[in-house]
Amino acid sequence: MQKSNKITIISLIWIGTIITFCSVDSFIYPTIKINITVQAILLFVCLLCNVIFNKCNTRGNFCFKVDMITNFLLMRVVYYLFLILLNPNSMDYLSNYIAMILDFFVYVWAINQFISEKSILRMSEIIVAIMELQTLIAVITANVGSSMYLLKSLINIPVGASNFITCFLILMFPHIYMLEQNKYIKCFFTISTVITILLSRSTSGFIIFLLLIVLLLLNERKYKTLKMIAFFIAFVCVFIVISRQSSDYLTRLIDNIASIFNNSNIDRALNGRDRVYQESINLILKKPIFGNGFAYRNEITENLMTHNWILEATVTGGLIGLILFVVPVFIYIFKNIHNWKKLSCFQTAAFFAVICVLLQGLVEPSLGSIKFDLLFWLLIGVSNSKKIMR
């Protein structure tokens, strides 16, 4: 099996370290407390150094490849620069624009690197393991007795709060499941991820993770029915154990899920998001073509993000901003559907992850943040690269 070069491996480790250990807050376990903009700069410097070293090692024979997605990501960077210049208040949310710049560079970097599937697997395992350990520490130190409702509000790690934790797990877990050859390691990560998803008490995370598992099991070539039965038995067992330890976990989760299918209780299921959605739509109607820029949050209750990637793209950049995000994503999706039978295990895992992330992103503010977007476009870039090694 071919291997990624050492500089690329170091870059992936650096990316994982910044994602899992750098934060604007302090925690009881070791973390690096730095500004989110500085984190983005460190990530950019990491990618730039990698490109410079690779160019030196190839003695001038190194050249960049671009594709349609690259072009749209570059157009998005240029377009939002004009929006910032026209709306100076957007400078207060400069990190959102820096995230877009980083999206472009990490995608270009990924499609031009020799990256092995094994390197992606190890990076995914390290990120997931650290996040799950940090979540466990947060749960143990929360000290809220048996109330899972109070626990949800206290779970916070460097990548974000409980809902954000599930977004990252759903993005990274498929690569562990499909690339890990050791069945015991795969089983360990599956169980630990299930426990973390349940402890997070994220309803969207719970539902989308179940969908992800179904997709992964349906893709199995052997014993898919048996594996599906075994997984759901194990899932139910873990669910019962956690429910017995929490007096309100089971009832609140069932109530939330039931509210989704009951129009009279949809406000409760959305947990206040419906108000943010309506305020965002009102802003979109005022400036439907070019949007309101990143400063739209100044006019939203509690300066919240929209919790919906479609609304987020439209309220910030109008219809043009939405098109510049949707087109590259759908180019990726349609390309994978067209070549479905030719996809490698990694490419299939990335495809499942992207689909589930887009679905969860309809109710969570995952897309639009520096760390999450970095991994999102990194995985899409590696998946699209013809230089990926198995």
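As shown above, the structure is provided for reference.
Predicted model only: the values in this text are computed from it and were never measured. (Residues numbered from 1 in each chain as written. Predicted model: local features only at pLDDT ≥ 70, side-chain atom pairs only at ≥ 80, totals over all residues. Heavy atoms only, no water.)

## What to know about the pattern of salt bridges
The tally for this structure, following the rule as stated, stands at three salt bridges. With a closest N to O distance of 2.8 Å, arginine 122 and glutamate 125 form a salt bridge. Of the two residues, arginine 122 and glutamate 125 both sit in helix H5 (residues 117-142), three residues apart, roughly one turn of that helix. Its relative accessible area of 34% is what places arginine 122 among the partly exposed residues. Here glutamate 125 falls in the buried class, since its relative accessible area comes to 9%. We note a salt bridge from arginine 122 to glutamate 180, for which the minimum N-O separation is 3.2 Å. Pair noted here: arginine 122 is in helix H5 and glutamate 180 is in the loop between helix H7 (162-179) and helix H8 (183-200), with a separation of 58 residues, a long-range link. Judged by relative accessible area, which is 6%, glutamate 180 ranks as buried. (Salt bridge = Lys/Arg side-chain N within 4 Å of Asp/Glu carboxyl O. Helix = DSSP H or I, 4+ residues; strand = E, 2+ residues; numbered from the N terminus. Buried < 20%, exposed > 50% of the residue type's maximum accessible area, 1.4 Å probe, protein only.)

## Things to note about the packing of H5 against H7
Relative orientation of the contacting elements H5 and H7 amounts to 140°, with a least axis distance of 9 Å. Considering the angle they form, H5 stands oblique to H7. Of the two elements, H5 crosses H7, and the hand of that crossing is left-handed. Facing H5, whose interface residues are Glu117, Ile120, Leu121, Met123, Ser124, Glu125, Ile127, Val128, Met131, Glu132 and Thr135, H7 presents Ile165, Phe168, Leu169, Met172, His175, Ile176 and Leu179. (Axes fitted to C-alpha atoms, helices over the stretch in contact; angles between N-to-C directions. Parallel < 35°, antiparallel > 145°, perpendicular 65-115°, else oblique. Left-handed = near helix turned anticlockwise from the far one by under 90°. Contact = heavy atoms within 4.5 Å.)

## Brief notes about the nonpolar core
Most often, soluble globular proteins have nonpolar side chains that are buried together. Core analysis: the largest hydrophobic core is formed by 99 residues, its most contacted members being Trp109, Leu171, Phe209, Leu375, Phe376, Trp377 and Leu378. One finds Leu283, Ile284, Tyr296 and Leu311 within the second-largest nonpolar core, a separate group that totals nine residues. (Core = buried A, V, L, I, M, F, W, Y, C linked by side-chain atoms within 4.5 Å.)

## Describing the packing of helix H9 (residues 203-218) against helix H15 (residues 345-360)
Across the interface, H9 lies against H15 with an axial gap of 10 Å and an inter-helix angle of 155°. Compared by their axis directions, H9 and H15 come out roughly antiparallel. The element H9 and its partner H15 pack so that their crossing is right-handed. For the pair H9 and H15, contact is made by Ser204, Gly205, Ile208, Leu211, Leu212, Leu215 and Leu216 and by Phe352, Cys356, Leu359 and Gln360, respectively.

## Some details on the layout of surface pockets
A probe as big as a water molecule, rolled over the atoms, marks out the empty space that is left. Here the second largest pocket defines a volume of roughly 720 Å³. Lining the second largest pocket are 24 residues, with Met178, Leu179, Gln181, Asn219 and Cys345 sitting closest to its centre. Elements supplying a minimum of two residues to the lining of the second largest pocket: H5, H7 and H15. Per-element tally for the lining of the second largest pocket: the top contributor is H5, with four residues. Split into classes, the residues belonging to the lining of the second largest pocket amount to nine nonpolar, four polar and 11 charged. (1 Å grid on protein atoms, 1.4 Å probe; cavity = no way out; pocket = protein on both sides within 12 Å on 5 of 7 lines; lining within 4 Å. Points joined across faces, edges and corners; volume = space filled by probe spheres on them. Nonpolar A, V, L, I, M, F, W, Y, C, P; charged D, E, K, R; others polar.)

## Quick look at the state of the cysteines
A full pass over the atoms with the stated rule returns zero disulfides. Cysteine 46 takes part in no disulfide bond, and the closest cysteine sulfur, belonging to cysteine 49, lies 7.3 Å away. (Disulfide = S-S within 2.5 Å.)

## A look at unusual backbone geometry
Among all residues except glycine, the phi angle is most often negative; among peptide bonds, the trans geometry is most common. One non-glycine residue, histidine 307, adopts positive backbone phi at about 60°. Histidine 307 gets classed as buried once you look at its relative accessible area, which sits at 16%.

## Quick look at a nonpolar patch on the surface
Together, Leu74, Val78, Leu81, Phe82 and Leu85 make up an exposed nonpolar region whose accessible area comes to about 470 Å². Following the sequence through the fold, leucine 81 ends up in helix H3 (residues 68-86). (Patch = residues over 30% accessible without salt bridge, like charges linked within 9 Å, V, L, I, M, F, W, Y side chains within 5 Å. Areas by Shrake-Rupley, 256 points an atom, 1.4 Å probe, with all protein chains shown as cover.)

## Quick word on the environment of isoleucine 127
Here isoleucine 127 shows up in helix H5. Looking at isoleucine 127, the relative accessible area reads 1%, which means it is buried. Residues isoleucine 127 and isoleucine 19 lie 108 residues apart in sequence; the distance between their C-alpha atoms is 7.9 Å. Aside from chain neighbours lying at most four places away, what touches isoleucine 127 is Gly16, Ile19, Thr20, Met172 and Leu375.

## Notes on the packing of aromatic side chains
Aromatic rings in a pair are described by how distant their centres are and how their planes are angled relative to each other. Within this structure, the stated rule accounts for 17 aromatic pairs. Both rings, one in phenylalanine 44 and one in phenylalanine 105, keep their centres 4.9 Å apart while their planes meet at 75°; by these two values the pair is edge-to-face. Linking phenylalanine 44 in helix H2 (residues 36-57) with phenylalanine 105 in helix H4 (residues 94-111), this pair joins segments that are 61 residues apart in sequence. Among the residues examined, phenylalanine 105 registers a relative accessible area of 35% and is labelled partly exposed. Aromatic pair phenylalanine 325 and tryptophan 377: ring centres 6.3 Å apart, planes at 90°, arrangement edge-to-face. One end of the pair, phenylalanine 325, is in helix H14 (residues 309-338); the other, tryptophan 377, is in helix H16 (residues 370-384), with 52 residues separating them in the sequence. For the residue pair phenylalanine 325 and tryptophan 377, the accessibility class agrees, reading buried in each case. Among the aromatic residues, ring-to-ring pairing joins Tyr107, Trp309, Phe325, Phe376 and Trp377 into one connected group. The ring of tyrosine 177 has lysine 186 sitting right over it, with the charged end atom 4.8 Å from the ring centre. (Phe/Tyr/Trp six-rings, centres within 6.5 Å; stacked < 30°, edge-to-face > 60°. Lys NZ or Arg CZ within 6 Å of the ring centre and 35° of its normal.)

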